[in-house]
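Notes for the structure review
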Amino acid sequence: MEITLKESTIVRPAHDTPKGSLCISNLDLLITRYHVSTVYCYKPNGGSNFFDPGKLREALSKILVPFYPIAGRLGFDENLRLEIICNAEGVLFIEAETTSVMDQFIGDFTYNSEVFRLVPKVDYSGGISSYPLLVLQVTTFKCGGVCLGVGFHHTIGDGTSAVHFINSWADTARGLSPSIAPSMDRTLFRARVPPTPTFHHVEYDPPLSMKTKSHPISASESQSDDLKPSIVSIFKLTADQLNILKAKPNINNADTSKYSTYNILTAHVWRCISKARGLSNDQATKLYILIDGRSRLNPPVPPGYLGNVIFPIATIAQAGDLQSEPFTDTIKRTHELLKQVNDEYLRSALDYIEKVPDLSTLARGSHTFRCPNLSVNSWVRLPIYDADFGWGRPIYMGPANVVQGKFYILQSPANDGSLSVVARLETSQSKLFKKLLYEECNAILSISKL
């Protein structure tokens, strides 16, 4: 795919905004410092001003006033702790075009190494204060479709914060006032005095290593896995397939009414990838689930909070057990993991983090989820298809840079009850994973149609 960059602009807040520094929470510090890349795809609506860059820049300038930290830069305070410098230096907005057709990226969406080019590349070599915290690229395709590529720095906020900002920008472009104002109060996530963790937080223990005949291979040693041929794929599960998957444990007269679709699908993905990876029966595998703490903390976090409120939780099982045990037992593993997460558990996690001398030892990154580890991250509750800038809702939204071991569950833009699993897998594992993911649903579906 050839992309031609037409114009690059720094967009600043339309009016004066508060100056100074904004402290960040320990939760913000646990995130590897990088831009999370996502893409929004739109079909042309026939209008002559479809995705007019001037209109987008004007709305962006306006929405940066209430979301002013996004227009700032990172820096360090006198104690060398990371902070956000609110200096209104602005965000990057790029206009681009391509001779490619959007249909190449929609549908099956097996997009190999191309999609990341729809998001501006950030040069980190100049230090943490040298680059914008938000980078945007509007790429027009030959067919008239448009892709909005977004790079949102993870230190500023999590997926909920990023989607809140994008949707607020879209509302502003349509002449509407955002329904939820941003909140920046980081004191909500201070540890108790004194810090008193009451749980063993296995999620903050080091990632598991692969066993070999001679010695375990650490996560850092397994970086060679990144050099193996891999492919990013989207595996769509229809509402019928999901219902069959949810009903499957009932064969064993199990009561699955208390288990969520996410709970059941996560258990299924864990079993499938463990087998596709060819893990030995005695190989331990660690499942991470990322939890939004906004509604689980007491009092609840304001809905417009701009920052990271994502807590990892984790559980460990032997690969052999996952393959031999009834599906219901694997579902119970994920259910029990999710059920324990309440205000006390999250407060305990905040206390545990506070007592760690060097938070960099807890920072999550691509190394965290390498084999035999994995993460299953649900975006189902995020309003990702509400980003209507005045020309219609996106026909697709998803991650633009997927690392191995990290699985995303996305809702359908048609709101038809289907879900999609997005993952980067080694090419040698991809076909088997697909077969395992679908075979139970399709086998029972075929029987039901006889």
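Just above sits the structure.
We now turn to the structure provided with this report. (Residues numbered from 1 in each chain as written. Predicted model: local features only at pLDDT ≥ 70, side-chain atom pairs only at ≥ 80, totals over all residues. Heavy atoms only, no water.)

1. Some thoughts on the pattern of salt bridges
Applying the stated criterion to the full structure yields 15 salt bridges. Arg174 is the salt-bridge partner of Asp171, the closest N and O atoms lying 3.2 Å from each other. We classify Asp171 as buried; its relative accessible area is 17%. Of the residues examined, Arg174 reaches a relative accessible area of 34% and is grouped as partly exposed. Across the salt bridge formed by Asp343 and Arg347, the nearest N and O atoms sit 3.2 Å from each other. Here Asp343 and its partner Arg347 are both found in helix 8 (residues 343-355), four residues apart, which amounts to about one turn of the helix. The partly exposed category is assigned to Asp343, whose relative accessible area is 23%. Through salt bridges with shared partners, a single ionic network connects Asp158, Asp292 and Arg294. (Salt bridge = Lys/Arg side-chain N within 4 Å of Asp/Glu carboxyl O. Buried < 20%, exposed > 50% of the residue type's maximum accessible area, 1.4 Å probe, protein only. Helix = DSSP H or I, 4+ residues; strand = E, 2+ residues; numbered from the N terminus.)

2. Some words on the environment of Pro302
Inspection of the secondary structure puts Pro302 in the loop between strand 10 (284-292) and strand 11 (310-318). By relative accessible area, which is 31% here, Pro302 ends up partly exposed. Each C-alpha atom, one on Pro302 and one on Ala71, is 21 Å from the other, the two residues being 231 residues apart in sequence. Dropping the residues within four chain positions of it, Pro302 is found in contact with Ser183 and Leu188. (Contact = heavy atoms within 4.5 Å.)

3. A short note on the packing of aromatic side chains
Tallied over the full model, the rule gives 16 aromatic pairs. On the numbers, 5.2 Å between centres and 80° between planes, the contact of Phe67 with Phe165 is edge-to-face. Separated by 98 residues along the polypeptide, Phe67 in the loop between helix 2 (53-63) and strand 4 (73-76) and Phe165 in helix 3 (residues 159-173) bring together distant segments of the chain. Take Phe67: its relative accessible area is 1%, and that puts it in the buried class. Measuring from centroid to centroid gives 5.7 Å for Tyr204 and Tyr352, while their planes differ by 10°, and the two rings are stacked. In this pair, Tyr204 is assigned in the loop between helix 3 and strand 9 (230-237) and Tyr352 in helix 8, connecting sequence segments 148 residues apart. You can call Tyr204 buried: its relative accessible area is 7%. (Phe/Tyr/Trp six-rings, centres within 6.5 Å; stacked < 30°, edge-to-face > 60°.)

4. What about the sheet that holds strand 5 (residues 82-86)?
Two pairing modes exist for strands in a sheet, parallel and antiparallel, and in both the strands are linked by backbone hydrogen bonds. Spatially, three strands are ordered 2-5-4 in an open sheet, and the strand pairing comes out antiparallel. Unpaired on one side and paired on the other, strand 2 (20-23) and strand 4 mark the two borders of the sheet. Averaged over all adjacent pairs, the angle separating strand axes in this sheet is 45°, with direction ignored. As paired strands, strand 2 and strand 5 are joined by four bridges and run antiparallel to one another. Each bridged residue has a counterpart across the sheet, and for Gly20 the counterpart in strand 5 is Cys86. (Pairing = 2+ DSSP bridges. Axes fitted to C-alpha atoms, helices over the stretch in contact; angles between N-to-C directions.)

5. Some remarks on the packing of helix 5 (residues 261-276) against helix 7 (residues 327-339)
Contact geometry of helix 5 with helix 7 gives a least axis separation of 9 Å together with a crossing angle of 120°. By the angle class used here, helix 5 and helix 7 are oblique. Considering how the two elements wind past one another, helix 5 and helix 7 form a crossing that is right-handed. Along the contact surface, helix 5 presents Tyr262, Asn263, Ile264, Thr266, Ala267, His268, Trp270 and Arg271, while helix 7 presents Phe327, Thr330, Ile331, Arg333, Thr334, His335 and Leu338. Among the residues forming the contact of helix 5 with helix 7, the class breakdown is seven nonpolar, six polar and two charged. (Parallel < 35°, antiparallel > 145°, perpendicular 65-115°, else oblique. Left-handed = near helix turned anticlockwise from the far one by under 90°. Nonpolar A, V, L, I, M, F, W, Y, C, P; charged D, E, K, R; others polar.)

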